[in-house]
Amino acid sequence: MVSIPQIESGVARYLDSELISQLPEGQFSRLAAGTLMSLAIKRSSRIIEKLKGNTFVKMLDIFDEEGNVDLEVVKEAVLENMTDAGLKIDIPVVGTIRFKRDDVEKLYKCILG
């Protein structure tokens, strides 16, 4: 089980190392992507709090009593359902990226620290 702040910190590390650092320094796309990602991470705890209250999400039993996430279960479910092509994500200003199986593993490691 991992805490929400631990997830936020890991996601920030992953985005910085795998996405932001790949964009040209001093370019608008890097500034825009960094700003968008920062805002998304800062607001993620509010989104997660709303999810915790959802009846369906409660049935999935991925949160414990303290609000921590069973990250291993989530990771395994994502990997089971992800196609070899991965997930296509359109990011404003940056463009289209592909989130693949190895990215899931990298993100998982970033979250665990």
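Look above for the structure.
What counts as what
- Residues numbered from 1 in each chain as written.
- Predicted model: local features only at pLDDT ≥ 70, side-chain atom pairs only at ≥ 80, totals over all residues.
- Heavy atoms only, no water.
- Axes fitted to C-alpha atoms, helices over the stretch in contact; angles between N-to-C directions.
- Helix = DSSP H or I, 4+ residues; strand = E, 2+ residues; numbered from the N terminus.
- Parallel < 35°, antiparallel > 145°, perpendicular 65-115°, else oblique.
- Left-handed = near helix turned anticlockwise from the far one by under 90°.
- Contact = heavy atoms within 4.5 Å.
- Nonpolar A, V, L, I, M, F, W, Y, C, P; charged D, E, K, R; others polar.
- Salt bridge = Lys/Arg side-chain N within 4 Å of Asp/Glu carboxyl O.
- Buried < 20%, exposed > 50% of the residue type's maximum accessible area, 1.4 Å probe, protein only.
- Arc of directions from axis to C-beta.
- Patch = residues over 30% accessible without salt bridge, like charges linked within 9 Å, V, L, I, M, F, W, Y side chains within 5 Å.
- Areas by Shrake-Rupley, 256 points an atom, 1.4 Å probe, with all protein chains shown as cover.
- Lys, Arg positive; Asp, Glu negative; His and termini not counted.
- Charge placed at Lys NZ, Arg CZ, Asp CG, Glu CD.
- Phe/Tyr/Trp six-rings, centres within 6.5 Å; stacked < 30°, edge-to-face > 60°.
- Lys NZ or Arg CZ within 6 Å of the ring centre and 35° of its normal.

Caption draft 1: Main features of the packing of helix 1 (residues 4–18) against helix 5 (residues 101–112). The geometry of helix 1 relative to helix 5 is characterised by a closest axis approach of 7 Å and an angle of 130 degrees between their N-to-C directions. Between helix 1 and helix 5, the interaxial angle falls into the category oblique. Helix 1 and helix 5 meet at a crossing whose hand is right-handed. Every residue of helix 5 that contacts helix 1 at Gln6, Ile7, Gly10, Val11, Arg13, Tyr14 and Glu18 is listed here: Asp103, Lys106, Leu107, Cys110, Ile111 and Leu112. Residues that form the contact of helix 1 with helix 5 fall into these classes: seven nonpolar, two polar and four charged.

Caption draft 2: View of the pattern of salt bridges. This structure, assessed with the given rule, holds eight salt bridges. In this structure, lysine 52 engages glutamate 49 in a salt bridge whose closest nitrogen and oxygen atoms are separated by 3.0 Å. One end of the pair, lysine 52, and the other, glutamate 49, are both in helix 2 (residues 28–52), three residues apart, so they sit about a helical turn from each other. Note that lysine 106 is salt-bridged to aspartate 102, the shortest N-O span being 3.9 Å. Here aspartate 102 and lysine 106 lie together in helix 5, a separation of four residues that amounts to about one turn.

Caption draft 3: Structural context of helix 4 (residues 71–81). Those residues of helix 4 not exposed but buried are Leu71, Lys75 and Leu79. Down the axis of helix 4, the sector holding all buried residues measures 65 degrees, keeping them to one side. Exposed residues lying more than 90 degrees from the buried face of helix 4 are Glu80 and Asn81.

Caption draft 4: Structural detail: a nonpolar patch on the surface. Taken together, the side chains of Phe28, Leu31 and Val93 make up a nonpolar region of the molecular surface, amounting to roughly 330 Å² of accessible area. Here valine 93 is to be found in the loop between strand 1 (87–91) and strand 2 (95–99). Since its relative accessible area comes to 47%, valine 93 is described here as partly exposed.

Caption draft 5: Region of interest: a positive patch on the surface. Together, Lys42, Arg43, Arg46 and Lys50 give the surface a local cluster of positive charge. If you trace the backbone, lysine 42 turns up in helix 2. According to the relative accessible area criterion, lysine 42 is exposed, its value standing at 59%.

Caption draft 6: Unusual backbone geometry, seen in detail. Look at aspartate 61: it is not a glycine, yet its phi comes out positive at around 60 degrees. Within the secondary structure layout, aspartate 61 lies in the loop between helix 3 (55–60) and helix 4. Residue class for aspartate 61 comes out exposed when judged on its relative accessible area of 58%.

Caption draft 7: Region of the structure containing the environment of methionine 82. Note that methionine 82 resides in the loop between helix 4 and strand 1. When its relative accessible area of 10% is taken as the criterion, methionine 82 is described as buried.

Caption draft 8: Quick look at the packing of aromatic side chains. A full pass over the atoms with the stated rule returns one aromatic pair. Their ring planes at 85 degrees and their centres at 6.1 Å tell us that tyrosine 14 and phenylalanine 99 sit as a pair that is edge-to-face. Pair noted here: tyrosine 14 is in helix 1 and phenylalanine 99 is in strand 2, with a separation of 85 residues, a long-range link. The exposure classification of tyrosine 14 matches that of phenylalanine 99, with both residues buried. The residue whose ring lies beneath lysine 75 is tyrosine 108, and the NZ or CZ to ring-centre distance is 4.2 Å.

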